[in-house]
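# Per-entry structural report
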Amino acid sequence: MFLSLEADDPAVFTGYKLPVFTGDVCDPSVTIPRQFQNYCAVVTKTQNNISPLYRLDSFDWTVLVLYFTILFVLSVYGLYRVKQVIEFWRYRHIVPTPSGHFAEDELPHITVQLPLFNEMYVVERLVKAITEIDYPRDRFEIQVLDDSTDETVKIAEATVAKYAQEGFDIHYVHRKERIGFKAGALAHGTTTAKGELLAIFDADFVPRPDCLRKLVDFFKDPLVGCAQMRWSHINGKYNLLTRLQTIMLDGHFVVEQTTRNRTGGFFNFNGTAGIWRRTAIDMSGGWQHDTLTEDTDLSFRAQLMGWKFIYLLDEEAPAEIPVEINAFKAQQRRWAKGVMQVGIKLYPRIWNAPLPARLRLEMFFRLTGNISYPLMIVASFLQFPLLLVRYNQPLYHLMVLDLPLLFFSTISVVLFYGTAVWYLDEKRTPRLLHLPLVMALGIGLAFSNARAVLEALFGVKSDFVRTPKYRVEEASDETWKKKKYRRKRGWLPLLELSFALYFLLAIVYAARLHMWGTIPFLTLFLFGFGYMGAMSLMQTAGGKRVFSFSAANR
């Protein structure tokens, strides 16, 4: 390989070909004029560059500084995840135990609240499961808090009437105006509830008969304000989407919630599958609907008041998870926006509270973690310019600068979700092999969740968009495709598909330049955006089974 220099100065040998470094030394057989005698030294110092004469310009520096700034921020949050993983394994054996046990005739009165909104497919299943709970009938009340505007009203009324005739203390409470959404329904029901303890189950849950017995004894301690179980998944193996969701949810419920609770930090009630002490709700300001995550909001207000929370990792409450991509995105978007809203609302109070610095820092990461989604979009957009810039970077720069940051920002995700799989599963290999796809799915959520985060930051209000449930339990059930509550796809899938195309071109370009090390990383972006966009379009249009990946790995 030779570099040809055409010089206008006659003193320079026109057409003289300089040898480009190809081995340990320059070719000694080539005689080099005096003005080029330092060439070998320059080549030796830059031998790892593809182009040794290349110099960074202002565009290159802008791309690199922005990229490494984002990567550094993401790696800090990744380091926090690694910390949680370490603490989980350290404290996993410290299991909460009640301070005492209620005698049968001393069991407190419990009101089970079932907030509903247009849940025609699952309301009967939910109420049936609640009536099968093992708890004394004379201290057991059921409230069906229904804000529905469709056929759910008649189904719920008939279901409540049926069990009322069987002797259950069950009441149907319907609001014509959905003020405050779920928080408003819970607050409205609490005004007439008989119980000193309030158990809450969302429409997608099928609690087991012993669920209240597992939780109630913790309230023997008068300072316990809330106790909750871990979610499990009825239809976790239905399709690729549900398999990936189970890993994402398990990461939260196994690692995050356990670590926060067992290290003395604040953990948030997840809106369902738990019991609240009514006094704790009242003293902490009650259910408020100025955020989309009323459960997180109330949880942190209560813990700031000094109430204790209990989380039971090894006791589970089965629930149905979304089988349709648009429902999944809507759920994730609501959680992302709601948590950011809670952060804006409560973090100044948390910062000024007499709490350990460790806990205040922990809460900062908890409440700001979703800022990673807007950053991820910028990082995604930078990938193609980065290929142009990094083409001429020496290999040791990639090793020294990229590897530490990429470890904490990406490998930490594998450790985080892998820990949950390792703890829960005896046969771990199938779900562990899904971890790269979990990372890709998180990338694919970037546009949807970034929009939610920006809306929270700029104070844009939006309705509480509930997650539709279809009562999908069996792997062969395709009836949900003909049911109501299908969400409109909007413009977002087109943007996601355009970014998938962008990364496809980036992969082709990287392959042509033989930059093979970047291709696996780019493929995660391609799959994430492509899967989100294609599935959103196909499932909204009642797409083919092949696009749902239902048959894969069954």
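First, a word on what this report is: a plain description of the structure on this page. In this text the structure is predicted, and so the values were computed from the model without any measurement. (Residues numbered from 1 in each chain as written. Predicted model: local features only at pLDDT ≥ 70, side-chain atom pairs only at ≥ 80, totals over all residues. Heavy atoms only, no water.)

## Brief notes about the layout of surface pockets
Here the second largest pocket defines a volume of roughly 570 Å³. Elements represented by at least two residues in the lining of the second largest pocket include exactly β7 (224-233), α7 (240-262), β9 (308-319) and α15 (429-432). (1 Å grid on protein atoms, 1.4 Å probe; cavity = no way out; pocket = protein on both sides within 12 Å on 5 of 7 lines; lining within 4 Å. Points joined across faces, edges and corners; volume = space filled by probe spheres on them. Helix = DSSP H or I, 4+ residues; strand = E, 2+ residues; numbered from the N terminus.)

## A closer look at empty space enclosed by the protein
Inspection of every chain in the model, using the stated rule, returns four cavities of 30 Å³ or more. There is about 1,300 Å³ of room inside the largest cavity. Arg81, Asn370, Ser372, Tyr373 and Tyr417 are the residues nearest the centre of the largest cavity, which is lined by 50 residues in total. Residue composition of the lining of the largest cavity, by class: 28 nonpolar, 17 polar and five charged. Here the second largest cavity defines a volume of roughly 360 Å³. Residue lining of the second largest cavity: 28 residues in total, with Lys182, Asp202, Arg334, Phe464 and Lys469 positioned closest to the centre. Elements that contribute at least two residues to the lining of the second largest cavity include exactly β3 (110-116), α5 (181-190), α9 (294-304) and α10 (325-352). Looking at side-chain class alone, the lining of the second largest cavity contains eleven nonpolar, six polar and eleven charged residues. (Nonpolar A, V, L, I, M, F, W, Y, C, P; charged D, E, K, R; others polar.)

## Focus: unusual backbone geometry
For residues that are not glycine, phi is negative in most cases, and the peptide bond is trans in most cases. A positive phi angle is found at Phe181, which is not glycine, with a value near 55°. Here Phe181 is to be found in helix α5. Overall, Phe181 belongs to the buried group, its relative accessible area being 19%. In this structure, Ala273 takes a positive phi of about 65° despite not being glycine. By the element assignment, Ala273 lies in the loop between α7 and β8 (274-277). Under the relative-accessibility criterion, Ala273 is labelled buried at 1%. (Buried < 20%, exposed > 50% of the residue type's maximum accessible area, 1.4 Å probe, protein only.)

## Quick look at the packing of helix α18 (residues 492-512) against helix α19 (residues 519-540)
Following both chains from N to C, one finds α18 and α19 inclined at 155°, their axes separated by 8 Å at the closest point. The orientation of α18 relative to α19 falls into the category roughly antiparallel. In the crossing of α18 with α19, the sense of the turn from one axis to the other is left-handed. Contacts between α18 and α19 involve Pro493, Leu494, Glu496, Leu497, Phe499, Ala500, Phe503, Leu504, Ala506, Ile507, Ala510 and Ala511 from the former and Ile519, Leu522, Thr523, Phe525, Leu526, Phe529, Gly530, Met532, Gly533, Ala534, Ser536 and Leu537 from the latter. When the residues that make up the contact of α18 with α19 are grouped by side-chain class, the tally is 19 nonpolar, four polar and one charged. (Axes fitted to C-alpha atoms, helices over the stretch in contact; angles between N-to-C directions. Parallel < 35°, antiparallel > 145°, perpendicular 65-115°, else oblique. Left-handed = near helix turned anticlockwise from the far one by under 90°. Contact = heavy atoms within 4.5 Å.)

## A look at a nonpolar patch on the surface
Side chains of Ile344, Leu454, Leu457, Phe458 and Val460 sit close together on the surface and give an oily, nonpolar patch of about 490 Å² of accessible area. Mapped onto the elements of the fold, Leu457 is located in helix α17 (residues 446-457). Residue class for Leu457 comes out partly exposed when judged on its relative accessible area of 43%. (Patch = residues over 30% accessible without salt bridge, like charges linked within 9 Å, V, L, I, M, F, W, Y side chains within 5 Å. Areas by Shrake-Rupley, 256 points an atom, 1.4 Å probe, with all protein chains shown as cover. Salt bridge = Lys/Arg side-chain N within 4 Å of Asp/Glu carboxyl O.)

## A word on the sheet that holds β9
Strand pairing in a sheet relies on backbone hydrogen bonds, with the paired strands running either antiparallel or parallel. Read across the open sheet, the seven strands follow the order β5-β4-β3-β6-β8-β7-β9; overall the sheet is mixed. Both outer strands of the open sheet, β5 (169-174) and β9, are each paired with one neighbouring strand and no more. Averaged over neighbouring strand pairs, the angle between their axes works out to 20° when direction is ignored. Sheet contacts for α7: β7 and β9; angle to β9, the most-contacted strand, approximately 160°. (Pairing = 2+ DSSP bridges.)

## Concerning α10
Given a rise of 1.5 Å per residue, 28 residues ought to cover 40 Å, and the 40 Å separating the end C-alpha atoms of α10 matches this to within 8%. The axis of α10 is deflected most strongly, by about 50°, at Leu346, and proline Pro348 appears within four residues downstream. Burial analysis of α10 places 20 of its 28 residues in the buried class, which makes it a mostly covered element. (Expected span 1.5 Å × (residues − 1). Bend = angle between axes of the 7 residues up to and from the residue.)

## What to know about the packing of aromatic side chains
On inspection of all chains with the given rule, the structure shows 35 aromatic pairs. Where Phe381 meets Tyr502, the ring centres are 6.2 Å apart and the plane angle is 5°; that geometry is what we call stacked. Residue Phe381 is located in helix α12 (residues 372-381), and its partner Tyr502 is located in helix α18; the two are separated by 121 residues in the primary sequence. On the accessibility criterion, Phe381 (52% relative accessible area) is exposed. Ring centres 4.8 Å apart and planes at 20° place the aromatic pair Phe503 and Phe525 in the stacked group. Remark: Phe525 occurs in helix α19 and Phe503 occurs in helix α18; sequence separation between them is 22 residues. (Phe/Tyr/Trp six-rings, centres within 6.5 Å; stacked < 30°, edge-to-face > 60°.)

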